[in-house]
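Fold and contact review
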Amino acid sequence: MKRRAFARSTALGALASTVAAPAVAQSSPAVNWRLVSSFPKTLTISYDACVGFVKRVAELTEGRFQIKLFGPGEIVPAFQVLDAVQNGTVEAGFTASYFYVGKDPTFGFATALPFGLNTRQQNAWMLRGDGLRLNNEFFRAYNVSYVPMGLTGAQMGGWFRKEIKSREDLKGLKMRIGGLAGEIMSRLGVIPQSIPAGDVYPSLERGSIDAVEYVGPFDDEQLGLHRVAKYYYYPGWWEGSVQVGNFVGLEKWNALPPLYRAAFVAAATEAQDLILAGYDALNGAALRRLVAKGTELRPFPREVMVQAYEVAFAYYDELAAKNDKFKTIYDNWKAFRADVLPWYQLAEGTYDNFVYAEYSKRNR
């Protein structure tokens, strides 16, 4: 009796395993994607986080979801990442949405608007406000979905061969600058240039541009920009924060098992935290090194910043009047900004200003 019961239970167990195996395979299929990056391997904070992201996706799916990472130029150039995802050349792309404002200025919102939200405000708008939902409704027309995967913090104003003492000094200046800031700077007299990271140094070295903004001390030092321009300006008023992320082909995204989509988002969220932590941890020491090498720090004249602020919001109003997609997101973004700025001014601003002032007084 015991032998017959054991045999029967063994047979039932074997049958269960033969039924269960295909079911597991169907719910957790082997998926292989390609991810292209707009950012080169030399910019280690963002690229290394991307390397960690693809490893983390594989870990969370027990190796069933594999993503292979490619740098700019290995499959497509840096500024063609969106197109490659949109047309199905690759499944996903790590990039900044504002690289594509030439298609529609509405692409600026998911990355940065000049005089816009700071890092925490941008993150709050995207994840707890309506930002991510509204941006993805817009991106759907381009056959992509968007998953945030990086924040840089406030950026620097860039490297200049000559001092900027007034708006007159901007006239005729050829400057590498991205996003909607290019149009705003053009209205101040600058000739904006769209140049990927890998071409920034040689362009400045050859003199084909007179100034360049990229990110901040750590990345800028890695690019060697201090060797070809003397004056380092602040603040980067066009990038109070920058958010980058992954464009994913919409059909590919919708076809993923829910577990894989969850793993993708979870790994991207981890990478976003690591990217911001990297810049916050490393920029200070990099700035000291740059100054020790002869870099001269300069603040933008207040007159220039006030004029740029006025030009920026007049430009946004122009866009909203003629572009319904821009207006839909802009109205929401502007209302969110109006809600959070007074709180930040009251709490964060007064705290930061006091601490910085006292620190400076005691550490001169």
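Owing to the predicted nature of the structure, the values given are computational and were not obtained by experimental measurement.

Description of the pattern of salt bridges
Summed over all chains, the structure comprises 19 salt bridges. As a salt-bridge pair, Glu270 and Arg56 come within 3.0 Å of each other at their nearest N and O atoms. Taken as a pair, Glu270 in helix α10 (residues 258-292) and Arg56 in helix α2 (residues 44-60) lie far apart in primary sequence, 214 residues in all. A residue is classified by how much of its surface remains accessible, and Glu270, at 35% relative accessible area, is partly exposed. On the accessibility criterion, Arg56 (27% relative accessible area) is partly exposed. With its nearest N and O atoms 3.2 Å apart, the salt bridge here joins Lys361 to Glu358.

Points about empty space enclosed by the protein
For the structure on display, the rule yields two cavities of 30 Å³ or more. Volume-wise, the largest cavity comes out at about 180 Å³. The residue makeup of the lining of the largest cavity, split by class, is 11 nonpolar, three polar and three charged. Size it by volume and the second largest cavity reaches roughly 30 Å³. Lining the second largest cavity we find Thr111, Ala112, Leu113, Gly116, Leu117, Gln122, Gly240 and Ser241.

Topic: the confidence of the model for the protein chain
Of all residues in the protein chain, 93% attain a pLDDT of 70 or more, and the chain-wide mean is 93. Contacts from residues 1-25, a stretch scored under 50 in pLDDT, to residues over four places away or in other chains number zero contacts.

What to know about the sheet that holds strand β1 (residues 31-37)
Spatially, five strands are ordered β2-β1-β3-β10-β4 in an open sheet, and the strand pairing comes out mixed. Strands at the two margins of the open sheet, each flanked by one partner only, are β2 (65-70) and β4 (144-151). The mean angle between the axes of side-by-side strands here comes to 25 degrees, regardless of whether they run parallel or antiparallel. Here six bridges tie β1 to β2, and the two strands are oriented parallel to one another. What sits directly across from Val36, in β2, is Phe70. Running over the sheet, helix α4 (residues 119-127) touches β4 and β10 (243-249) and is turned about 150 degrees from β4.

Parameters and conventions
Residues numbered from 1 in each chain as written. Predicted model: local features only at pLDDT ≥ 70, side-chain atom pairs only at ≥ 80, totals over all residues. Heavy atoms only, no water. Salt bridge = Lys/Arg side-chain N within 4 Å of Asp/Glu carboxyl O. Helix = DSSP H or I, 4+ residues; strand = E, 2+ residues; numbered from the N terminus. Buried < 20%, exposed > 50% of the residue type's maximum accessible area, 1.4 Å probe, protein only. 1 Å grid on protein atoms, 1.4 Å probe; cavity = no way out; pocket = protein on both sides within 12 Å on 5 of 7 lines; lining within 4 Å. Points joined across faces, edges and corners; volume = space filled by probe spheres on them. Nonpolar A, V, L, I, M, F, W, Y, C, P; charged D, E, K, R; others polar. pLDDT = per-residue confidence, 0-100. Contact = heavy atoms within 4.5 Å. Pairing = 2+ DSSP bridges. Axes fitted to C-alpha atoms, helices over the stretch in contact; angles between N-to-C directions.

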